[in-house]
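Below, each chain spelled out in residue letters.
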Amino acid sequence: MSNDLAGVWEVALSDGVHRIEFEHGTTTGKRVIYVDGKEILRRDWMFKLVGKETFSVGKSETKATITIDAVSGFAYEYELEINGKSLKKYMENRSKVTSTWILNLDGTDCRVVLEKDTMDVWCNGQNIETAGEFVDDGTETHFTLGDHTCCVKAVSSGKRRDGIIHTLIVDGTEIAECVE
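The structure presented is a predicted model; accordingly, all values stated were derived computationally and were not measured.

J.: What is the right way to read helix H1 (residues 87-97) from this model?
T.: Two residues of an α-helix separated by three or four positions point the same way, owing to the 3.6 residues in each turn. Within H1, burial applies to Leu87, Tyr90 and Arg94. For H1, the angular spread of the buried residues around the axis is 60°, confining them to a single face. Away from its buried face by more than 90 degrees, H1 exposes Lys88, Lys89 and Lys96. Those residues of H1 hidden inside the fold are in contact with strand S1 (5-13), strand S7 (75-82), strand S8 (85-86), strand S9 (98-105) and strand S10 (108-115).

J.: Which parts of the structure should I look at to understand the side chain of threonine 167?
T.: Assignment of secondary structure puts threonine 167 in strand S16 (residues 164-170). Apart from the residues lying within four places of it in its own chain, the contact partners of threonine 167 are Trp101, Cys151, Val152, Lys153 and Glu174.

J.: Before we go on, may I ask you to explain the domain arrangement of the protein chain in this structure?
T.: It is common to give the size of an interface as the accessible area lost on bringing the parts into contact. Structurally, the protein chain comprises domain 1 (5-92) and domain 2 (94-175). For domain 1 and domain 2, the distance between their C-alpha centres works out to 32 Å. When the two sides are added together, the surface that domain 1 and domain 2 hide from each other amounts to roughly 810 Å², 41% of it contributed by carbon and sulfur. Of all residues in domain 1, Ser14, Lys59 and Glu92 give up the largest surface area on contact with domain 2, accounting jointly for 55% of the area buried on that side. Put simply, domain 1 and domain 2 have zero salt bridges between them. Across the domain 1-domain 2 interface, the total number found is ten residue pairs in polar contact (both at pLDDT 80 or more). Those elements that provide at least two residues to the side of domain 1 that touches domain 2 are S1, strand S2 (16-24) and H1. Of all the elements, H1 adds the most residues to the side of domain 1 that touches domain 2, at three residues. Of the residues in the side of domain 1 that touches domain 2, the class split is five nonpolar, two polar and three charged.

Calculation rules
Every chain is numbered on its own, with residues counted from 1 as its sequence reads. A pLDDT threshold of at least 70 governs which residues receive local features in this predicted model, and a stricter bar of 80 or more applies before side-chain atom pairs are shown or counted, although totals over entire chains, interfaces and linings include all residues. Processing note: side-chain calculations cover all non-hydrogen atoms of the structure and skip hydrogens and water entirely. Remark: exposure states derive from per-residue accessible area (1.4 Å probe, protein chains only) relative to the maximum for the residue type, with buried under 20%, exposed over 50%, and partly exposed in between. Secondary structure elements are defined from DSSP: runs of H or I of at least 4 residues count as helices, runs of E of at least 2 residues count as strands, and each element is numbered from the N terminus. The arc under discussion is defined with respect to the helix axis, by the directions toward the C-beta atoms. We call two residues in contact when some of their heavy atoms are within 4.5 Å. Just so you know, the domain bounds were taken from an automatic or database domain assignment. Accessible area, probed at 1.4 Å, shrinks when two parts are joined; the buried area is that loss added up over both. Here a salt bridge means any side-chain nitrogen of Lys or Arg lying within 4 Å of a carboxyl oxygen belonging to Asp or Glu. Counting of polar contacts relies on pairs of N or O atoms within 3.5 Å, with two restrictions inside protein: one atom must be capable of donating a hydrogen and the other of accepting it, and residues adjacent in sequence are counted only when both atoms are side-chain atoms. Each residue receives one of three labels: charged for Asp, Glu, Lys and Arg, nonpolar for Ala, Val, Leu, Ile, Met, Phe, Trp, Tyr, Cys and Pro, and polar for the others, Gly being one of them.

Next comes the structure, spelled out in structure tokens:
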């Protein structure tokens, strides 16, 4: 990487946290985008120094756009949008549609993500095979991680504003949800 690094962002998706780096050569017009350290886009000798670059991130190929705006003189501002929303808005919305848990199993850190709309479960970037069942107080989504029995319980909070509460249980122990 060169000293033209203009922006670095961390984006949490279901398949993991991705690092996006953007180089902008304001004298050469160069634009380079790296996702997780891998170069995915390069443009050299661009005469227009402002504009947008669109690319995809992660296994789900989530749409990302970097906008380059001139602020004053030779100063530039860079903004990352994910699925058409500012990174901040996207992450706020994401916390409503996913639940994430970080835990250590057998000496390995695991990042478990539940996509509430599809009930898909991801662990460290892999979509996990699950079995769902209806129970008296809601639903249970069963799966295994190594030799560990896991279950995501979904029960109504009883309050319209709070909606459904999702809880991860591993080997009978409730795991606290984390905020990304």
